[in-house]
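One-letter residues, chain by chain:
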Amino acid sequence: MTATLVSFSNIAVYSAMAIYTLAFIMFTLDLARRSAPAPVRLDVERNAASASSGSTKLLERLTTDAPADPAKKTPRYLRIAMSLTVIAWVLHVSADVMRGLAAGRVPWANMFEFSLTATAIIVGVFLAVQFWQDLRFLGVFVTGFVLIALGIATVNFYVDVVPLPPALQSAWLVIHVFVASLGTGFFALGAALSVVQLLQARREAGKAARLNFLDTLPAADRLENLAYRVIVVGFVLWTFTLIAGAVWAERAWGRYWGWDTKEVWTFIIWTIFAGYIHARATRGWRGPRSAVLALVGFGAVLFNFTIVNLFFKGLHTYSGL
Amino acid sequence: MDLTRPSDHIDAPAPDKLAQPQLGFVGYLRFFWRQLTSMRTALFLLLLLAIAAIPGSLVPQISSDPNGVVQYKANNPTIAPILDKLGVFTTYYSVWFSAIYLLLFISLIGCVIPRTKHHFDALRAHPPKTPARLERLEGFTTRETTTDAATAIESAAAILRKQRYRTEVYGDSVSAERGFLRETGNLVFHIALIGVLVTVAIGGGFGYVGQRVVVEGYSFVNSLSNYDSFNPGRFFRDSDLVPFTIAVQRFTPTYEQRNLSALGQAIDYTTDVTTTLRGGSAQPGIIKVNAPLRVGGTDVYLLGNGYAPQIIVRDPSGNVVFSQPTPFLPQDANLRSLGVVKVPDGLAKQIGITGFFYPTAIEDAKGQLSSNYPDVLNPLLSLNIYTGDLGLDNGKGTNAFALNTDSLTQIAGRIAPVPALKLGIGEKVEIPNGLGSIELKAVPRFVSLDVHHDPSQGWVLLFAVLVVGGLVTSLFIPRRRLWAKAVTDASGAVTLEYAGLARGDDPGLDAAVAELAEKHAQQLGRSVES
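Every chain begins its residue count from 1, and numbering advances along the sequence as written. Each chain takes a letter, starting from A, and each ligand takes a number, starting from 1, following the order in which they are written. In keeping with the model being predicted, local features are shown solely for residues with a pLDDT of at least 70 and side-chain atom pairs are shown and tallied solely at 80 or more, while totals for entire chains, interfaces and linings include all residues.

In this section: the interface of chain B and chain A. Any residue pair is listed as a contact if its two C-beta atoms, each placed from the backbone, are within 7 Å. Taken residue by residue, the interface counts 50 residues in chain B and 42 residues in chain A. Starting at the N terminus, helices and strands are each numbered in turn, a helix being any DSSP run of H or I of at least four residues and a strand any DSSP run of E of at least two. Secondary-structure elements contributing two or more residues to the side of chain B that touches chain A are α2 (39–52), α3 (55–58), β8 (266–277), β11 (298–307), β24 (445–453) and α9 (457–476) of chain B. In this classification, the charged set is Asp, Glu, Lys and Arg, the nonpolar set is Ala, Val, Leu, Ile, Met, Phe, Trp, Tyr, Cys and Pro, and all remaining amino acids, among them Gly, are polar. Residues belonging to the side of chain B that touches chain A are distributed by class as follows: 28 nonpolar, 13 polar and nine charged.

Okay, here's the thing in structure tokens:
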């Protein structure tokens, strides 16, 4: 039974990866479409002003492309890309659930399972956030990132289902690790927004002249606000992770804080994002500077998960590798 | 001017570059204080703290990995003394690390105190006067109405009060303010952080941590002399030790037996104990990983386990000269365990024994022994015997888990004429040179218990909860001001103007103004109809 579930789970992971790849291609095509000959937002105005002389056909095409008009139909590539992402995500989540059923516990007890769950959560956050804001332009980043993560996880981190060692047998495994993954999902999205923000800031400064697709995306300060809102949610979750981890450490290791390597890096990440939030409130630090901090913070999250887990000595030796 | 925020806070007015008066001594003090409590300094210190924490994760720390430090020093003889001098092996207790976080906290306190005072004042103050030109503010919108100005404003104030705004009517306008919890939460968050630091710094000093290895069937009393190692806090007194006894009845590990990918992996450790408080009766208890035992206000944790072979050494005429279980330290996941036995008295010569215990012994083609399962399936004890001066009589303390063999002679083992002695449970072998005999009587298990007492941790938890609560309130409750104003023109027609102002991040402000205008229009419409 376990073996069957595991093999189904693995098949589902590979299928999800195949479909994410297609979604990634579609998202890329969508960006390419946004880069299409005429920069859209500027031209709508220009054409509207000279409507009498402009061709009607051209005007129509441009207005369909303009993101400012939500009543219009979504561009085809983007629609396909989002549908594929949803399908891939359903497969991804079912792979994760089957893995959990096979193991008879939550599917995040080693690096492979954690990667599987965390990436599912990142995509889940990406999909959920669409109900709040149209952030579909981040699809390239999200699917690309998740694909790479799943690729590394399946090739390098894969381990068979094994029972939990005594140290992990705790309700805190469910809470602490899940909230950490959820926080990571928000930080990932925030990092994606910050990357676009940096590009947009360059373009607004007249530097990234060839990245035409940026004209179809929100302005840099709006991207910064979106990134901030996503990241503060991540920060709250991270703070909770830190405290839940301390409570668990007190139960399992007899002290709530011992400067274990993983604790240190969780603390470093917390401090960087605390710095990010302060940067937003400091004159002269809004804009690209705070975006760079958000990226440094997410870099530290990735470092904490990969390098610290694999190469640093500490008590969090649960990679299973 | 808003004096409550650091001058470089984004909500504070832009600095006046030209006004640079001569600074006296007090002026300089004030200048440095302002620098220290500025946002930029706080940000700089936060990032510096993040960077300063890194070296401690790259180099083993004495507090968490003392053996790692010893090994690191042996492996890196050139750089280790430099790192040692810089305090990198004790990063989180070093002067430079402490300096950063102390400065950060001073900066924080300097920021929080004036803000708290201002916030108390603001809580009692009335909403500010309506600005003259609302069209300059956020979400400005207008509605026409047939109601007279005074009635309209009274109705707007009623709507705002229902939405939990504090309101104040100024002439033909109403000024409303809400979201004081945002600043309250922010202050609670920062003060709770200070609380965490202070309780950790002071409260931690009243606690203690002790380790003790106990073999099945033995017990230990919570007193200073009974610990293998003991770290008291700064304010610890011997009388703080609650006198209790813990008797370890049995240690039961469970190992995975069916899943081939995890064969021999531990899936449960259970320690059955009985505890006795002074004057009380014995209580049964269980200690597991993740489930410490609480006794006498103290927590007892199960942190390790292993085998303690009970070795009996007899002299040639059969008199017992040594008989006790000796904890052997596990060397790998299958519990190949290394131990040392010293027998200074009773035999013709002092003997020292180093041995490996293999719970499930297997021998490879070269005769190399190893263990391939952690439970006792094919137990084997392999002993090297040394004779000579064990160095126990010179009054210097020695490590019970190590045997310095430099000045000893091996009489059984790889470099001796007799190979290492091998025994199963219940077996007996002769010591070479007719010194006597060794018997492996039984192999009980030992547990390594950590005893912790930290009276401050409940307080730390309380402050940590306040940190999260304060954070959530300060980030997600919007603080905003709304205004509604009735403008009557020369013809007597009344136009209602609405606008808002956010303090801090407030994505919903425009919607809030629009909602107010809409609700107000509806209400006025109804009252006109009725």
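Residues and elements named next belong to chain B. The residue F105 is located in helix α6 (residues 95–124) in this model. Counting other C-beta atoms within 10 Å of each residue's C-beta, where C-beta atoms are placed from the backbone, gives the exposure class: buried for 20 or more, exposed for 12 or fewer, partly exposed between. Looking at F105, the number of C-beta atoms within 10 Å reads 17, which means it is partly exposed. Ignoring sequence-local partners within four residues, the contact set of F105 consists of I194 and L197.

Now for the sheet that holds strand β13 (residues 320–325) of chain B. Residue and element names in this part refer to chain B. For two strands to count as paired, DSSP must find a minimum of two bridges between them. Strand order in the open sheet formed by four strands is β13-β12-β23-β22, with antiparallel pairing between adjacent strands. In this open sheet, the two strands that pair with only one neighbour each are β13 and β22 (428–431). In this sheet, neighbouring strand axes are inclined to one another by 20° on average, regardless of whether the strands run parallel or antiparallel. Fitted lines through C-alpha atoms serve as axes, helices being fitted only where they are in contact, and the angles separating the N-to-C directions of these axes extend from 0 to 180 degrees.

A few words now on the pairing of strand β3 (residues 173–178) of chain B. Regular strands have side chains that alternate between both faces of the sheet. Residues and elements named next belong to chain B. Where burial is concerned, most of β3 is hidden: six out of the six residues are buried. Burial along β3 is two-sided: S173, S175 and E177 facing one way and V174, A176 and R178 facing the other are all buried. Alignment of strand β2 (residues 166–170) against β3, held across five bridges, turns out to be antiparallel. Bridging across to β3, V169 finds its partner in V174. In this antiparallel pair of consecutive strands, β2 and β3, the connection spans two residues, and G171 shows a positive phi of 60°. By the bridge criterion, six bridges tie β3 to strand β25 (residues 479–488) in an arrangement that is antiparallel. The residue of β25 that forms the bridge with V174 is A484.

For the rest of this paragraph, the subject is α6 of chain B. All names here are of chain B. Any helix carries an expected span of 1.5 Å times its number of residues minus one. Over its 30 residues, α6 runs 43 Å from end to end, which matches the ideal 44 Å to within 8%, given 1.5 Å per residue. Regarding α6, the residues found buried are F97, I100, L104, S107, L108, C111 and V112. Packed against the buried residues of α6 are α1 (25–36), α2 and α8 (180–203).

Glancing now at the packing of helix α7 (residues 171–204) of chain A against helix α8 (residues 220–253) of chain A. All names here are of chain A. Relative to each other, α7 and α8 sit at 155°, their axes nearing to 7 Å. Of the possible angle classes, the one that applies to α7 and α8 is roughly antiparallel. In this structure, α7 crosses over α8, and the sense of that crossing is left-handed. For the contact of α7 with α8, the class distribution of residues is 24 nonpolar, nine polar and two charged. Angle categories: roughly parallel below 35 degrees, roughly antiparallel above 145, roughly perpendicular from 65 to 115, and oblique for all the rest. Crossing chirality is assigned from the near helix's rotation relative to the far helix, an anticlockwise turn below a right angle marking it left-handed and a clockwise turn marking it right-handed.

All names here are of chain A. Relative orientation of the contacting elements helix α9 (residues 261–280) and helix α10 (residues 288–311) amounts to 170°, with a least axis distance of 9 Å. Considering their axes alone, α9 and α10 lie roughly antiparallel with respect to each other. Only R289, S290, L293, A294, V296, G297, A300, V301, N304 and V308 of α10 make contact with α9, whose side of the interface consists of T261, K262, W265, T266, I268, I269, I272, F273, G275, Y276, A279 and R280.

All names here are of chain B. Ordered by their spatial adjacency, five strands build an open sheet running β6-β4-β24-β11-β10, and the pairing between neighbours is antiparallel. Edge positions in the sheet fall to β6 (229–232) and β10 (293–295), since each has one partner strand and no second. Averaged over all pairs of adjacent strands, the angle between their axes in this sheet comes to 25°, without regard to strand direction. As judged from the eight bridges shared by strand β4 (residues 208–215) and β24, these two strands associate in the antiparallel manner. Among the inter-strand pairings, V213 is bridged to a residue of β24, identified as S448.

What tends to happen in soluble globular proteins is that the nonpolar side chains get buried as a cluster. As used here, a nonpolar core is made of buried Ala, Val, Leu, Ile, Met, Phe, Trp, Tyr and Cys residues. They are joined through C-beta atoms within 7 Å. Of all hydrophobic cores here, the largest spans 185 residues; its most connected members are L189 and I231 of chain A. Here this core gets 20 residues from one element, more than from any other, and that element is α8 of chain A. The residues touching I231 of chain A, leaving out its near neighbours within four places in the chain, are F186, F187, G190, F273, Y276 and A294 of chain A. Of all hydrophobic cores here, the second largest spans 25 residues; its members include V174, W483, L496 and L524 of chain B.

Moving on, we get to unusual backbone geometry. Positive phi is not limited to glycine here, since W259 of chain A has a value of about 55°. With respect to the helices and strands, the residue W259 of chain A is situated in the loop between α8 and α9. Its identity is not glycine, yet N433 of chain B carries a phi of approximately 65°, on the positive side. In this fold, N433 of chain B is placed in the loop between β22 and β23 (436–442). Given 16 C-beta atoms within a 10 Å radius, N433 of chain B is considered partly exposed.

Quick look at the confidence of the model for chain B now. Residues with a pLDDT of 70 or more make up 96% of chain B, whose mean pLDDT is 89. Predicted as a complex, the structure gets a pTM of 0.87 and an ipTM equal to 0.86. Within a predicted model, pLDDT stands for the predictor's per-residue confidence, ranging from 0 to 100.

All names here are of chain B. Counted residue by residue, strand β19 (residues 380–387) has seven buried out of eight residues, so it is predominantly covered. In terms of strand pairing, strand β16 (residues 351–358) meets β19 through eight bridges, oriented antiparallel. If you follow F357 over to β19, its bridge partner there is L381. Relative to strand β21 (residues 421–423), β19 is paired through three bridges, and the arrangement is antiparallel. Residue L383 lies in a different strand from β21, and its bridge partner there is L421. Direction of pairing for β19 relative to strand β20 (residues 409–412): antiparallel, over a ladder of three bridges. Residue pairing in the sheet places Y386 in a bridge with Q410 of β20.

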